[in-house]
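# Structure assessment
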Amino acid sequence: MGELYWLKRPIAHRGLHDATRGIVENSASAVKAAMRRGIAVEVDLQRAAGDMPIVFHDATLDRLTNESGPVAARDVDALHAIPLKDGGGDRILSLPELLELVGDTVPLVLEVKNHGQGDGAFEANIAKLLAGYRGPVAVMSFDPHAVAAFRQHAPTLPRGLVSCRFNDEFSKTHLSSLQRFAMRHLLTSTFARPHFVAYDIHALPAVAPLLAKFVAGLPLLAWTVRTEADLARALRYADAPIFEEIAP
């Protein structure tokens, strides 16, 4: 996969969003703000009906729109018509619209929200939509099975494992101790075969991601960098920060 040099630069977390200016996360405005500054963009892909991707972070509509209910209950066209709350006219982006917007202007990193649905259909549909895209793009996920699915459906598409300590309440509720251990220490790399790693800034330094970087030669991204202290840590241990609220 080479050095993936284009991943080794600051990446705007969910676009260059700023709620005080009416620029909502994962919106066209947030993406355009990053593009104007030549900054790589990270956005989230959530599962809509029919295992199709939509650019959205949450599994439900409640926080970011005036609608409610699960994203997966609606199709892409219906979701694309929903305005983002306090978004100045922005609506939920479809993946094709995002790709058309970005083109090859800046690198694009797509975090795939899988929610443990490991049949591979979601990843297969994302891979199909990315097949004709010519700009620098990568996918990544906390779910190693999602990463492995991209290995099957799009083996040359850069894919990354997102990881952390997995000591939050959600992880403790939804993952076994063995799963958390394996994911924390990147043991799932044995079947996911990532091309890069994205690790929680507050968990660095840690043995597994540093071995991935210095021994396996994988680019190491640090998320989410929000303070100058975070940035200093990211610059010391990682190749690039995934940032928000500061200007790296």
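Every residue gets a number counted from 1 within its own chain, in the order that chain's sequence is written. Totals for whole chains, interfaces and linings use all residues, but because this is a predicted model, local features are given only for residues with pLDDT of at least 70 and pairs of side-chain atoms are given and counted only at 80 or more. Hydrogen atoms and water are omitted, and side-chain values are computed over all heavy atoms in the structure.

For the protein chain, the name recorded in an unreviewed UniProt entry is Glycerophosphoryl diester phosphodiesterase, with Methyloceanibacter caenitepidi as its organism.

## Quick word on a nonpolar patch on the surface
What counts, and what does not: A residue counts toward a patch only above 30% relative accessible area and without a salt bridge, and it is joined to like-charged neighbours within 9 Å or, for Val, Leu, Ile, Met, Phe, Trp and Tyr, to nonpolar neighbours within 5 Å. We get accessible surface area from the Shrake-Rupley algorithm with a probe of 1.4 Å; when it comes to residues, only the shown protein chains can shield them. The salt bridge criterion pairs a side-chain nitrogen of Lys or Arg with a carboxyl oxygen of Asp or Glu, the two atoms within 4 Å. The numbering of helices and of strands both runs from the N terminus, where a helix is a DSSP run of H or I of at least 4 residues and a strand a run of E of at least 2.
On the surface, Val 207, Leu 211, Phe 214 and Val 215 cluster together to form a nonpolar patch covering roughly 460 Å² of accessible area. With respect to the secondary-structure elements, Leu 211 resides in helix α9 (residues 207-214).

## Here we look at the packing of aromatic side chains
Selection criterion: Between 30 and 60 degrees the pair is tilted, below 30 it is stacked and above 60 it is edge-to-face, where a pair is any two Phe, Tyr or Trp rings, Trp via its six-membered ring, whose centres lie within 6.5 Å. In this scheme, Lys NZ or Arg CZ marks a charge over a ring once it lies within 6 Å of the ring centre and within 35 degrees of the ring normal.
Evaluation of the coordinates by the stated rule reveals 2 aromatic pairs. Seen from their ring centres, Phe 142 and Phe 166 are 6.1 Å apart, and the 80° between their planes marks the pair as edge-to-face. In this pair, Phe 142 is assigned in the loop between β6 (137-141) and α5 (144-153) and Phe 166 in the loop between β7 (159-163) and α6 (169-174), connecting sequence segments 24 residues apart. Centroid distance Phe 142 to Trp 223: 5.6 Å. Interplanar angle 85°. Geometry classified as edge-to-face. Of this pair, Phe 142 sits in the loop between β6 and α5 while Trp 223 is found in strand β9 (residues 220-225), placing the two residues 81 residues apart along the sequence. Joined through ring pairs, the aromatic side chains of Phe 142, Phe 166 and Trp 223 make up one cluster. The residue whose ring lies beneath Lys 213 is Phe 214, and the NZ or CZ to ring-centre distance is 5.0 Å.

## Quick notes on helix α3 (residues 95-102)
Keep this limit in mind: Accessibility here uses a 1.4 Å probe with only protein chains present; expressed as a share of the type maximum, an area under 20% marks a residue as buried, one over 50% as exposed, and anything in between as partly exposed. This arc describes the spread of directions from the helix axis toward the C-beta atoms. We call two residues in contact whenever any of their non-hydrogen atoms come within 4.5 Å of each other. Here a polar contact is recorded for every N or O atom pair within 3.5 Å, except that within protein the pair must consist of a potential hydrogen donor and a potential acceptor, and residues adjacent in sequence are included only if both atoms are side-chain atoms.
Those residues of α3 not exposed but buried are Leu 95, Leu 98, Leu 99 and Val 102. All buried residues of α3 lie within an arc of 95° about the axis, which places them on one face of the element. On its buried face, α3 is in contact with α1 (28-36), β2 (40-48), β3 (52-55), β4 (93-94), β5 (108-112) and α4 (121-130). Between the side-chain oxygen of the N-cap and the backbone nitrogen of Glu 97 there are 3.2 Å, and the N-cap of α3 in question is Ser 94. The first or second residue beyond α3 is Gly 103, which carries a positive phi of 60°.

## So, the pattern of salt bridges
Two side chains that carry opposite charge are able to pair once their charged atoms sit near each other. The tally for this structure, following the rule as stated, stands at 10 salt bridges. A salt bridge links Arg 74 to Glu 67; its shortest N-O distance comes to 3.3 Å. Classification of Arg 74 by relative accessible area gives partly exposed; the value is 25%. Accessibility expressed as a relative area gives 36% for Glu 67, which makes it partly exposed. As a salt-bridge pair, Lys 113 and Glu 111 come within 2.8 Å of each other at their nearest N and O atoms. Residue class for Lys 113 comes out buried when judged on its relative accessible area of 15%. For Glu 111, a relative accessible area of 7% corresponds to the buried category.

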